[in-house]
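Listed here are the chains, written in short residue letters.
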Amino acid sequence: MLNDLPENANRASIDARRAILAALAAQTATAVVEQGIPTLTAFIKDALSLSAATAGLVVAAFAFGKIAGSYPAGRAVDALGERTVLVVGGLATSALVLLAAPLPLAGLVCLMIAAGSFAASTTPAGSKLVFGSSLAGRRGLAMGIRQTGVPLGGLLAAGLLPWIASSAGWRVSLAVAAALAGVGALVVLAITGTNLRADRAETRLTRVEGERPRPWSDRDVILLTVWGCLIVSGQYALISFLALDIHESGTLSLPETSLLVVVAQVGGILGRLAWGVLSDHDPQQRRQPYLLGMNLIAIVVALAFAFGPARQSFPALMVVSVFAGLTLIGWQGLWVTAVSERAGPGRAGATLGFALSFIGAASAASPPLYGLVADLTGGLRSIWLALALVLALAL
């Protein structure tokens, strides 16, 4: 993927590759913690004799911290520099999760909230680092590569952490995830260099050159944020309810239908790259037509899930799941690019942090709200019709 970037020997091209690798490493390492905590829910619930709701609180604590920390983290990026915030955020996340691992419930929840607030720095810092280092003609691809760190971290967490928890306990598994977050921060140092003081000088320059309105007074940023909140609801509806709905509607087992979610995640990785490449090849470097295109395809996908035959063939379901991943999961790279370009280099961090705080809240609210739709209508199929309406509003 990195070889698709311009083959130049100049400093800018080398810096772009380093920036992408550093941001990808930081995002993947942090995602191991964020995506890994839900995989440990059953272990935590059994070990601490918790109710399902209390176990869910432990899982949600990290997400609550990210919601609270997104905008302050973005402001810190614009003030202190991307590399500094990536390194400090990664090391602080690692230390807090390590401290939380052996604690009883109250301490665990409090420190996980704190860890989440530091982990919130990864997206605005990594995105701004890539945005500022990448050549304008390849920003979409570069941002897409960086955004693949979330599903990559999720796949690593799903394959590693439950296995460790089953053999050594969930606290050890959580400590391993924390250690990986710290390794990600050290990788950033190794790739970008240890002279973080240069960040401040570069940051002061970009603030002078790239002044834009505050994010809450920029109409385009507000609309992009609302669009992201609506589209991310589809991502969490897909992850939360696809396997269960297909299982209850047809003859496939739950492990078979869970494979559809894996297929969708792979489609999401491909989508984050493909949409970036397509928009980079647009003669005018436009992002909006491709956001609208994926929005339209997502509506078709939602309607296919809502009105398709209850007993569709597995290959047909896999095809629809791929398109679901390409759109409902694959949107984030291009969306981050669009927000960053609108904000400009001087305010990219704060603007992304502002938008991500609302995206995080929408992510947390989506599964219970779509679940409520299913409860009120008496069937999971109604979720996809509700999603189609939400996506139509996004369009």
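Quick caveat: nothing in here was measured; it's all calculated off a predicted structure.

Novice: Just checking my understanding: could you explain the layout of surface pockets for this structure?
Specialist: The space that makes up the largest pocket amounts to roughly 1800 Å³. Lining the largest pocket are 49 residues; nearest its centre among them are Glu34, Gln35, Pro38, Tyr236 and Ile239. Those elements that provide at least two residues to the lining of the largest pocket are α1 (11-39), α3 (52-80), α8 (149-168), α11 (219-249), α12 (254-280), α15 (332-343) and α16 (348-377). Sorting elements by how many residues they give to the lining of the largest pocket places α3 first, with nine residues. Taken together, the residues that form the lining of the largest pocket break down as 30 nonpolar, 16 polar and three charged.

Novice: Help me understand the side chain of Thr93, please; the structure alone is not making it clear to me.
Specialist: Inspection of the secondary structure assignment puts Thr93 in helix α4 (residues 82-100). What makes Thr93 buried here is its relative accessible area of 1%. Ignoring anything within four residues of it in the chain, the contact list for Thr93 reads Phe62, Ala115, Phe118 and Ala119.

Novice: Explain the nonpolar core to me, please; I cannot follow it from the model alone.
Specialist: For soluble globular proteins, nonpolar side chains are generally found buried alongside one another. Counting residues in each nonpolar core, the largest one holds 62 residues, and the members touching the most others are Trp335 and Trp384. If one sorts the elements of this core by residue count, α11 sits on top with 12 residues. Apart from residues lying up to four places away in sequence, Trp384 is in contact with Ala237, Leu238, Phe241, Leu242, Asp245, Ala302, Phe305 and Ala306. Within the second largest apolar cluster, 26 residues are counted, among which are Ala157, Leu161, Ala165 and Trp170.

Novice: Where do I start with the packing of helix α7 (residues 139-147) against α8 in this structure?
Specialist: Helices that pack against each other are described as a pair by the angle of their axes relative to one another and the distance between those axes. It is at 5 Å that the axes of α7 and α8 come closest, and there the two elements cross at 20°. When the axis of α7 is compared with that of α8, the two are roughly parallel. Judged by residue contacts, Ile145, Arg146 and Gln147 of α7 engage Gly149, Val150 and Pro151 from α8. Here the contact of α7 with α8 is composed, by residue class, of three nonpolar, two polar and one charged.

Novice: How should the pattern of salt bridges be read in this particular structure?
Specialist: Where charged atoms from two side chains of opposite charge approach closely, those side chains can pair. Summed over all chains, the structure comprises eight salt bridges. The salt bridge partner of Asp218 is Arg342, with a shortest N-O separation of 2.9 Å. With Asp218 in the loop between α10 (197-209) and α11 and Arg342 in helix α15, this residue pair connects regions lying 124 residues apart in the sequence. Across the pair Asp280 and Arg287 runs a salt bridge, and its minimum N-O distance is 3.2 Å.

Novice: What is the right way to look at a nonpolar patch on the surface in this model?
Specialist: Where nonpolar side chains cluster on the molecular surface, the patch consists of Leu259, Val262, Val266 and Leu270 and spans about 320 Å² of accessible area. Along the chain, Val266 turns up in helix α12. Under the relative-accessibility criterion, Val266 is labelled partly exposed at 40%.

Thresholds applied
Residues numbered from 1 in each chain as written. Predicted model: local features only at pLDDT ≥ 70, side-chain atom pairs only at ≥ 80, totals over all residues. Heavy atoms only, no water. 1 Å grid on protein atoms, 1.4 Å probe; cavity = no way out; pocket = protein on both sides within 12 Å on 5 of 7 lines; lining within 4 Å. Points joined across faces, edges and corners; volume = space filled by probe spheres on them. Helix = DSSP H or I, 4+ residues; strand = E, 2+ residues; numbered from the N terminus. Nonpolar A, V, L, I, M, F, W, Y, C, P; charged D, E, K, R; others polar. Buried < 20%, exposed > 50% of the residue type's maximum accessible area, 1.4 Å probe, protein only. Contact = heavy atoms within 4.5 Å. Core = buried A, V, L, I, M, F, W, Y, C linked by side-chain atoms within 4.5 Å. Axes fitted to C-alpha atoms, helices over the stretch in contact; angles between N-to-C directions. Parallel < 35°, antiparallel > 145°, perpendicular 65-115°, else oblique. Salt bridge = Lys/Arg side-chain N within 4 Å of Asp/Glu carboxyl O. Patch = residues over 30% accessible without salt bridge, like charges linked within 9 Å, V, L, I, M, F, W, Y side chains within 5 Å. Areas by Shrake-Rupley, 256 points an atom, 1.4 Å probe, with all protein chains shown as cover.

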